[in-house]
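Descriptive structure summary
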Amino acid sequence: FPSHDKSCNQVKLKIVDTDRYVRKVAEVRLPDNTFIQELLLKDGLAMVYHEYLYNCTSPSVLEKAELEAKENHLNIWSDSEFMPPWSWRSAFRVN
């Protein structure tokens, strides 16, 4: 349900890099400091993109979260046909 408390609808961004398309790469945290990327990785809903990992303040936290999801075969890690996005783009690139 929508909240009328605007503080519940805000996140904190820490810009850590800029990608080749000039998009900002950021760590995303809730007001209570919950690290969104860590949650997504732990649940197997995201992958670490190593090109930008080492500018983050907590790279080991993110790598550990991804490893935990892999070991538990959660979501993307349970799909034997899953292909990382960067591999998919290379395999199916339209020239």
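Residues numbered from 1 in each chain as written. Predicted model: local features only at pLDDT ≥ 70, side-chain atom pairs only at ≥ 80, totals over all residues. Heavy atoms only, no water.

1. Concerning the overall build of the chain
Here is the rule we go by: Secondary structure elements are defined from DSSP: runs of H or I of at least 4 residues count as helices, runs of E of at least 2 residues count as strands, and each element is numbered from the N terminus. Three labels apply to residues, based on accessible area from a 1.4 Å probe with only protein chains included: buried if under 20% of the type maximum, exposed if over 50%, partly exposed otherwise in between. The criterion used for residue contact is that any of the two residues' heavy atoms lie within 4.5 Å. In this description, accessible areas are obtained by the Shrake-Rupley approach with a 1.4 Å probe, and a residue is regarded as covered only by the protein chains that are shown.
When helices and strands are tallied, the chain shows four helices and two strands. In sequence order, the secondary structure elements of the chain are arranged as β-β-α-α-α-α. Counting over 95 residues, the chain shows a buried share of 21%. Looking at the chain alone, contacts between residues at least 24 apart form 42% of all its contacts between residues at least 6 apart. With the model as given, the accessible surface of the chain reaches about 7,400 Å², and the carbon-plus-sulfur share is 55%.

2. Here we look at the nonpolar core
As a reminder of what qualifies: For the purposes of this section, nonpolar cores are sets of buried Ala, Val, Leu, Ile, Met, Phe, Trp, Tyr and Cys residues that join through side-chain atoms within 4.5 Å.
Counting 10 residues, the largest nonpolar core is built from Val 16, Val 25, Phe 35, Leu 41, Val 48, Tyr 52, Leu 53, Cys 56, Leu 62 and Ala 65. Secondary-structure elements contributing two or more residues to this core are α2 (50-53) and α3 (59-71). Leaving out residues up to four positions away in the same chain, Leu 62 has contacts with Phe 35, Gln 37, Glu 38, Leu 41, Val 48, Leu 53 and Cys 56.

3. Details of the side chain of Asp 19
In plain terms, the rule: The definition of a polar contact used here is a pair of N or O atoms within 3.5 Å, where within protein one atom must be able to donate a hydrogen and the other to accept one, and adjacent residues in sequence count solely through side-chain atom pairs.
Note that Asp 19 resides in the loop between β1 (12-18) and β2 (24-29). Of the polar contacts made by the side chain of Asp 19, one reaches the side chain of Arg 23; its length is 2.6 Å. Aside from chain neighbours lying at most four places away, what touches Asp 19 is Val 25 and Tyr 52.

4. Some points on the pairing of β2
Filter applied, for reference: When DSSP finds two or more bridges between two strands, those strands count as paired.
With six bridges connecting them, β1 and β2 associate as antiparallel partners. Of the residues in β2, the one forming a bridge with Lys 14 is Glu 27. In this antiparallel pair of consecutive strands, β1 and β2, the connection spans five residues, and Val 22 shows a positive phi of 65°.

5. What about unusual backbone geometry?
Even without being a glycine, Asn 33 presents a positive backbone phi close to 80°. Among the secondary structure elements, Asn 33 is positioned in the loop between β2 and α1 (36-42). Even without being glycine, Asn 75 reaches a positive phi, approximately 45°. Its location among the elements puts Asn 75 in the loop between α3 and α4 (85-91). By relative accessible area, which is 43% here, Asn 75 ends up partly exposed.

6. Things to note about the environment of Val 28
Examined against the element boundaries, Val 28 turns out to sit in strand β2. Taking the C-alpha atoms as reference points, Val 28 and Leu 13, 15 residues apart in sequence, are found 4.9 Å from one another. Look past the residues within four positions of Val 28 in its chain and what remains in contact with it is Val 11, Lys 12, Leu 13, Thr 34, Phe 35, Ile 36 and Gln 37.

7. A short note on the packing of aromatic side chains
Definition in use: Stacked, tilted and edge-to-face are the three classes assigned to paired rings of Phe, Tyr and Trp, where Trp is represented by its six-membered ring and a pair needs centres within 6.5 Å; plane angles under 30 degrees give stacked, over 60 edge-to-face, the rest tilted.
All chains considered together, the criterion is met by four aromatic pairs. Here the aromatic rings of Tyr 49 and Tyr 52 are separated by 5.5 Å at their centres, their planes lie at 45°, and the arrangement is tilted. Assessed through its relative accessible area of 36%, Tyr 49 is described here as partly exposed. A relative accessible area of 12% places Tyr 52 in the buried class.

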